[in-house]
Amino acid sequence: MEPLIIGQISDLHVSTEGKVSYGVVDAGAALRRCVESIMALERWPDLLLVTGDLVEGGLREEYQHLRALLAPLPMPWYVIPGNHDDRTVMRDCFRDHGYLHQWGPFAQYAIDEWPLRIIALDTVIPGEPGGRLCEERLSWLDRTLACEPSKPTLVMMHHPPFSTGMDHMDGMGLESPEKLAAILGRHAQVQCILCGHVHRPIEARFAGIPASICPSPSHQVALDLDPGAPARLTLEPPAYRLHLWTPASGLVSHTVYIGAYPGPYPFD
Ligand SMILES: [Fe+2]
Ligand SMILES: [Fe+2]
């Protein structure tokens, strides 16, 4: 069976056209290179998940710029908000993305049209960098998982529910992750959790489920495991992920680096 190929782009942080953030980051140009990289793949992903921090400041013009940059992609793509996003402005700029409007209060939704069911969570606390799944959002998740107990399911969310060892990022992590763990523990069909927010490729287990963080196509967070290390960004190679899914193997995840590197060369 051909695998389902799920692309994941996270932490795009798009600003208005040509604007440079933090003195060194042109996130729009970076996303353009990411889209070119995806279009150049031998086999395109069947769908793309865009796991938040879509834009830098939650502005309407930034979402319009983001949409223009993603427009060349021929496959369906699904967005969730991150802490840099404005949920209301985002949903208004994506009025044609019906899935974003499945539920009134939050941008949480289920996509049932693929062999792997996709459940998207909205961890945003307006005006704050950290993430939250309140009782309302958790109970939606519990109900939504209960509807399809035997279909393999992927959960995506911006804020990872586990600590990364990078203190300043963990300080803006998800509140009360044990509440999420308790719900996921009741639904054995959840096979993986895909996250963003930390701008690095990171793997973990959460509630016994493989969980990962996707690097950014723009800028990465500098790796520093010293407690009290300052928050800094780095221009390490930008990247996105390709997740291959089959019923037999589950999810197999690749990291794709964006840019021109020497090679490929033959092994013989
Ligand atoms: Fe981010
Ligand atoms: Fe974030």
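Note that the coordinates shown come from a computational prediction; the quantities given were computed from them, not determined experimentally.

Peer 1: Explain the sheet that holds strand β2 (residues 47-50) to me, and be specific about the residues and the numbers.
Peer 2: Sheet strands associate in pairs through backbone hydrogen bonding, adopting either a parallel or an antiparallel arrangement. Strand order across the open sheet formed by five strands is β3-β2-β1-β12-β13, with mixed pairing between neighbours. Single-partner strands in this sheet number two, and they are β3 (77-79) and β13 (250-257). Shown here is a sheet whose adjacent strand axes are inclined to one another by a mean of 25°, direction ignored. Here five bridges tie strand β1 (residues 4-9) to strand β12 (residues 239-246), and the two strands are oriented antiparallel to one another.

Peer 1: Would you mind going over the coordination of the iron ion (ligand 2) in detail, with residue names and values included?
Peer 2: Those donors, D53 (OD), N83 (OD1), H158 (NE2) and H197 (ND1), are the protein atoms that reach the iron ion (ligand 2), and they lie 2.1 to 2.2 Å from it. The iron ion (ligand 1) is placed at 3.5 Å from the iron ion (ligand 2), the two being bridged by D53. Taken together, the residues D53 in the loop between β2 and α2 (60-70) and H197 in the loop between β7 (190-195) and β8 (202-206) connect sequence positions 144 residues apart. Residue D53 shares its accessibility class with H197, and that shared class is buried.

Peer 1: Give me the coordination of the iron ion (ligand 1): which residues, what numbers.
Peer 2: Only D11 (OD), H13 (NE2), D53 (OD) and H199 (NE2) from the protein coordinate the iron ion (ligand 1), and they sit 2.0 to 2.2 Å from it. Counting along the primary sequence, the residues that act as donors to the iron ion (ligand 1) give the motif D-x1-H-x39-D-x145-H. D53 sits in the buried class, given a relative accessible area of 2%.

Peer 1: Provide a residue-level description of the environment of V25, including the pertinent values.
Peer 2: Looking at the element boundaries, V25 is found in the loop between β1 and α1 (27-39). For V25, a relative accessible area of 4% gives the class buried. C-alpha separation for the pair V25 and P264, spaced 239 residues apart in sequence, amounts to 28 Å. When sequence neighbours within four positions are dropped, the list of residues in contact with V25 reads K19, V20, S218, H219, L233 and L235.

Peer 1: Quick rundown of the packing of helix α4 (residues 135-147) against helix α6 (residues 177-184)? Include the residues and the values.
Peer 2: α6 packs onto α4 with a crossing angle of 15° between their chain directions and a minimal axis gap of 10 Å. Relative to α6, the element α4 is oriented roughly parallel. Seen from above, α4 lies across α6 with right-handed handedness. Listed contacts from α6 to E135, L138, L141, D142 and L145 of α4 are K179, L180, I183 and L184. Looking at the contact of α4 with α6, its residues break down into six nonpolar, no polar and three charged.

Conventions adopted
Residues numbered from 1 in each chain as written. Chains lettered and ligands numbered in written order. Predicted model: local features only at pLDDT ≥ 70, side-chain atom pairs only at ≥ 80, totals over all residues. Heavy atoms only, no water. Pairing = 2+ DSSP bridges. Helix = DSSP H or I, 4+ residues; strand = E, 2+ residues; numbered from the N terminus. Axes fitted to C-alpha atoms, helices over the stretch in contact; angles between N-to-C directions. Donors = N, O, S within 2.8 Å, 3.2 Å for Na, K, Ca; no water. Buried < 20%, exposed > 50% of the residue type's maximum accessible area, 1.4 Å probe, protein only. Contact = heavy atoms within 4.5 Å. Parallel < 35°, antiparallel > 145°, perpendicular 65-115°, else oblique. Left-handed = near helix turned anticlockwise from the far one by under 90°. Nonpolar A, V, L, I, M, F, W, Y, C, P; charged D, E, K, R; others polar.

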